[in-house]
Amino acid sequence: MSVVIAKNLTKKYNDFVAVDHINFQIEKGEIFGLLGPNGAGKTTTIKMLTGLTSITEGDALIGGISIKERPNEVKKRIGWISSEVIVDDDLTAWENIEIQAKLLKVKDWKERADAILEYFGIKEFKNRKAGKFSTGMRKKLEITMALLNSPEIVFMDEPTIGLDVNTRASLWNLIRQINKDYSATILLTTHYMEEADMLCKKIGIINKGKIVALGSPEELKEKYGGDVIEIELKDGLNVELNKFGQVIRKDGKISVKTGNAEEVLLGVINTIGSNNIKSLRIKKSSLDTVFLNLTGGSLEEEGEFDLRKFNMMMRRARR
Amino acid sequence: MLEGLSALYMREIKRIYRSIYMWIMLVSQPVMWIIFFGSSFSHVPSEFLQEFFHTNNYIAFILPGELSVSMLFVGMFSSMSIIQDKRFGYMKRIFITPVPKYYVFLSKVLGGVTRGLIQVPIMLAVAIALGVSLNLNLVSIVVLVLALAFLGIGFSSLYSVFTLWTSDWQAPGVIANLINLPLMFSSTALFPKAFFPEWLQDISNVNPITYSAELGREVLLSTDPNWSYLGILALFALIMVIIGALLSRKYMTAE
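Residues numbered from 1 in each chain as written. Chains lettered and ligands numbered in written order. Predicted model: local features only at pLDDT ≥ 70, side-chain atom pairs only at ≥ 80, totals over all residues. Heavy atoms only, no water.

Novice: Would you take a moment to explain the overall build of chain B for this structure?
Specialist: The helix and strand inventory of chain B stands at eleven helices and zero strands. Walking chain B from its N terminus toward its C terminus, one meets helices and strands in the order α-α-α-α-α-α-α-α-α-α-α. In terms of overall dimensions, chain B is globule-like: its C-alpha atoms have a radius of gyration of 19 Å, near the 18 Å expected for 255 residues. For the C-alpha atoms alone, the extent of chain B along its principal axes is close to 65 × 40 × 35 Å. (Helix = DSSP H or I, 4+ residues; strand = E, 2+ residues; numbered from the N terminus. Rg over C-alpha atoms; globule rule 2.2 N^0.38 Å.)

Following this line, the structure appears as structure tokens:
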């Protein structure tokens, strides 16, 4: 059963198309990852699905209800966790939860809130001001608030961005736990390959507002993966490497996409000549190589480029 | 139905009474006005005060005026609270729920008004301590509080409307500079209308602060209030809050 069905979902800011006719479905109990660089359209997609921003074209059904036609009905059935932790620091954890419960019109919220706080091990701190909480505790409080209304789906917008390695790892465990113990269907956005690979049953790779691939991590690796030999040559050198695989030249680097790097590596080095190689590295098949194969750029590179461009576009659009 | 509104309003109130800085400002600002500005006419002959101010104590004259002006200034806090929620993302947390946007607007307005009304007993106490004789009874207190609440609702709505679609920190300050001083000095909060040139008197006649200050004087210093002033202030509050609520439904942004 599909909890989310996005149909030609599109968002435009004046002439800039932030999300471009995307389609995907999320099944009940699934962790679905929307993977892409900064500015790819991940957050805008979540904003449209949660009713935070209007939809320019298309629609989405959340639990069978159109977000475009009945946004308030949808809002009662969803949970949301922001990329920056949003709680009121001046209020206690319990007061934060109480406001959220009343805004969501949740009845009998107290028992559920106590149970979730207990589950996360922060019940004894519920009367402490949220401003005194550690980052991990604040995130747990935010997740408690998101689970109060037993949502049909929880939207997590870059939940681990800005967190240190340990906190990120513990949050991954937390996401897996709530998916299992609370049967929570989750849509999370991320630009961390390993996060998507580790957590998600299904992944949509989004780039420049379009979903360029959709499937399980294994399916994507099998279909679009393959090894990549990345070579940096000495200046001015131009060699023909097409016989070893698909060649992409970008920013002075050559990427050779091939099924198995070890099989062609010697041939590549001999063709170029070892003296002409400045650096060489092999990327084994992963979501990173999937992304490279699909878009011709790495996630990090795309991210830097798109963030500037996107911010510029947004500034223009807001004028 | 109103649970969401009451939750948002209580949040505003808790944030006010838990902030020591807020209390310092709530107490110090009106006390400074009364003590320093109110004392500035201490050596003016009492015949002059009696003739133009209809009282022999200038502090008694400016007390209702200053109470009214403080309701103008609290409007700024309503708009600052809106900006703060947008900047720290809390507005998104509210907008992700089915609560209507005009509830957010109303909670900010009511929070601002409550903040202003907290100053009433403080200022009355300071005035009494400085020797002002006030006609305090249930009717005078209820009329004074109602008049100030209406004025506060009107101005808080006005300020909040200006910040519905922006998250710029500078916006409340700019609005305050544009409207606070003209409204304060064109009202009879600090000086009687007889002092004003004709054009300023015309402005004073349509300035809600004038009606609040005059009504406050009538209930606190005499026993013959002009009840129509309360109706004018109620109408001002109603019009502004309806405009604000309607605009917030369409134009209030989360960021």
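Further notes follow.
Novice: Even after reading the chapter, I still don't get the sheet that holds strand β5 (residues 65–66) of chain A, so can you show me in this structure?
Specialist: Strand pairing in a sheet takes place through backbone hydrogen bonds and is either antiparallel or parallel in direction. Residues and elements named next belong to chain A. Here four strands make up an open sheet; going across it, the order is β2-β1-β4-β5 and the pairing antiparallel. Of all strands in the sheet, those with a lone pairing partner are β2 (16–27) and β5, marking the two edges. Taken together, the eight bridges between strand β1 (residues 2–13) and β2 define a ladder with antiparallel strand orientation. Residue lysine 11 lies in a different strand from β2, and its bridge partner there is valine 19. Strands β1, β2 and β4 (57–62) of the sheet are contacted by helix α1 (residues 42–49), whose axis makes an angle of about 115° with β1. (Pairing = 2+ DSSP bridges. Contact = heavy atoms within 4.5 Å. Axes fitted to C-alpha atoms, helices over the stretch in contact; angles between N-to-C directions.)

Novice: Hey, could you run me through the confidence of the model for chain A in this one?
Specialist: Interpretation of this model should avoid reading the predicted coordinates in detail wherever pLDDT is low. Overall, the prediction assigns chain A a mean pLDDT of 86, with 92% of residues at 70 or greater. Confidence drops under pLDDT 50 across residues 299–310 of chain A; counting only partners more than four residues distant or on other chains, this segment forms 26 contacts. (pLDDT = per-residue confidence, 0-100.)

Novice: I would appreciate a short explanation of the pairing of strand β13 (residues 253–258) of chain A in the present structure.
Specialist: Two faces belong to every sheet, and in a regular strand the side chains alternate between them. All names here are of chain A. Burial analysis of β13 places five of its six residues in the buried class, the great majority of the element. Bridge count between strand β11 (residues 227–233) and β13: six bridges; the pairing is antiparallel. In the strand pairing of β13, isoleucine 231 is matched with isoleucine 254. Pairing between strand β12 (residues 246–250) and β13: five bridges, direction antiparallel. (Buried < 20%, exposed > 50% of the residue type's maximum accessible area, 1.4 Å probe, protein only.)

Novice: Mind showing me how you'd approach a nonpolar patch on the surface here?
Specialist: All names here are of chain B. Together, Tyr17, Ile20, Tyr21, Trp23, Ile24 and Val27 make up a nonpolar patch on the protein surface, roughly 640 Å² of accessible area in all. For the nonpolar patch, the element with the highest residue contribution is helix α2 (residues 20–37), accounting for five residues. With respect to the secondary-structure elements, tryptophan 23 resides in helix α2. Look at tryptophan 23 and you get partly exposed, because its relative accessible area is 32%. (Patch = residues over 30% accessible without salt bridge, like charges linked within 9 Å, V, L, I, M, F, W, Y side chains within 5 Å. Areas by Shrake-Rupley, 256 points an atom, 1.4 Å probe, with all protein chains shown as cover. Salt bridge = Lys/Arg side-chain N within 4 Å of Asp/Glu carboxyl O.)

Novice: I keep staring at the pattern of salt bridges and nothing clicks. Help me out?
Specialist: Applying the stated criterion across every chain yields a total of 33 salt bridges over all chains. Residues A:Lys278 and A:Glu232 are paired through a salt bridge, measuring 3.9 Å at the closest nitrogen-oxygen approach. Of this pair, A:Lys278 sits in strand β14 (residues 277–283) while A:Glu232 sits in strand β11; the two residues are 46 residues apart in sequence, bridging distant segments of the chain. Taking the relative accessible area as the measure of exposure, A:Lys278 reaches 55% and is therefore exposed. On the basis of relative accessibility, which here comes to 25%, the residue A:Glu232 falls in the partly exposed class. For the salt bridge of B:Lys108 with B:Glu12, the shortest nitrogen-to-oxygen distance reads 2.6 Å.

Novice: Before we go on, may I ask you to explain the environment of A:Glu95 in this structure?
Specialist: Mapped onto the secondary structure, A:Glu95 falls in helix α3 (residues 93–103). What makes A:Glu95 buried here is its relative accessible area of 12%. Counting along the chain gives 154 residues from A:Glu95 to A:Arg249, while the straight-line C-alpha distance between them is 56 Å. Excluding its chain neighbours within four sequence positions, the residues that come into contact with A:Glu95 are B:Lys14 and B:Arg18.

Novice: Could you clarify how one ought to interpret the UniProt feature "transmembrane region" (unreviewed entry) in chain B in this entry?
Specialist: Following the UniProt record, the feature "transmembrane region" (unreviewed entry) maps to residues 20–38, 58–83, 103–132, 138–162, 174–191 and 227–247 of chain B here. Between the end C-alpha atoms of residues 138–162 of chain B the distance is 36 Å, and the span holds 100% helix and 0% strand. (UniProt positions renumbered as here; feature names shortened; annotations may be inferred.)

Novice: Any chance you could explain the interface of chain A and chain B here in plain terms?
Specialist: At the interface, 25 residues of chain A touch 21 residues of chain B. Between chain A and chain B lies a buried interface of about 2300 Å² when both sides are counted; carbon and sulfur atoms form 60% of it. Between chain A and chain B we count eight salt bridges in total. As a salt-bridge pair, B:Arg93 and A:Glu142 come within 2.9 Å of each other at their nearest N and O atoms. Going through the elements one at a time, α2 (71–75), α3 and α5 (135–147) of chain A are the ones with two or more residues in the side of chain A that touches chain B. Considering every element that reaches the side of chain A that touches chain B, the biggest residue donor is α3(A), with seven residues. Tallied by class, residues from the side of chain A that touches chain B come to nine nonpolar, five polar and eleven charged. (Buried area = accessible area lost by both parts, 1.4 Å probe. Nonpolar A, V, L, I, M, F, W, Y, C, P; charged D, E, K, R; others polar.)

Novice: Is there a simple way to explain the environment of A:Leu141 in this structure?
Specialist: All names here are of chain A. Examined against the element boundaries, leucine 141 turns out to sit in helix α5. Look at leucine 141 and you get buried, because its relative accessible area is 0%. Remark: the alpha-carbon pair of leucine 141 and isoleucine 78, spanning 63 residues in sequence, is separated by 16 Å.

Novice: Which parts of the structure should I look at to understand the domain arrangement of chain A?
Specialist: Residue and element names in this part refer to chain A. Taken domain by domain, chain A consists of domain 1 (2–218) and domain 2 (222–308). For domain 1 and domain 2, the distance between their C-alpha centroids amounts to 35 Å. With 18 residues of domain 1 at the contact, the number on the domain 2 side is 13 residues. Carbon and sulfur atoms supply 72% of the area that domain 1 and domain 2 bury against each other, a total of about 1300 Å² over both sides. Across the contact surface, domain 1 and domain 2 share zero salt bridges. Summed over the shared surface of domain 1 and domain 2, the number is one residue pair in polar contact (both at pLDDT 80 or more). Elements that contribute at least two residues to the side of domain 1 that touches domain 2 include exactly α7 (193–199), β9 (202–207), β10 (210–215) and α8 (217–224). In terms of residue count, β9 provides more of the side of domain 1 that touches domain 2 than any other element does, four residues in total. When its residues are assigned to classes, the side of domain 1 that touches domain 2 shows ten nonpolar, five polar and three charged. (Domains from an automatic or database assignment. Polar contact = N/O pair within 3.5 Å; in protein donor to acceptor, adjacent residues only side chain to side chain.)

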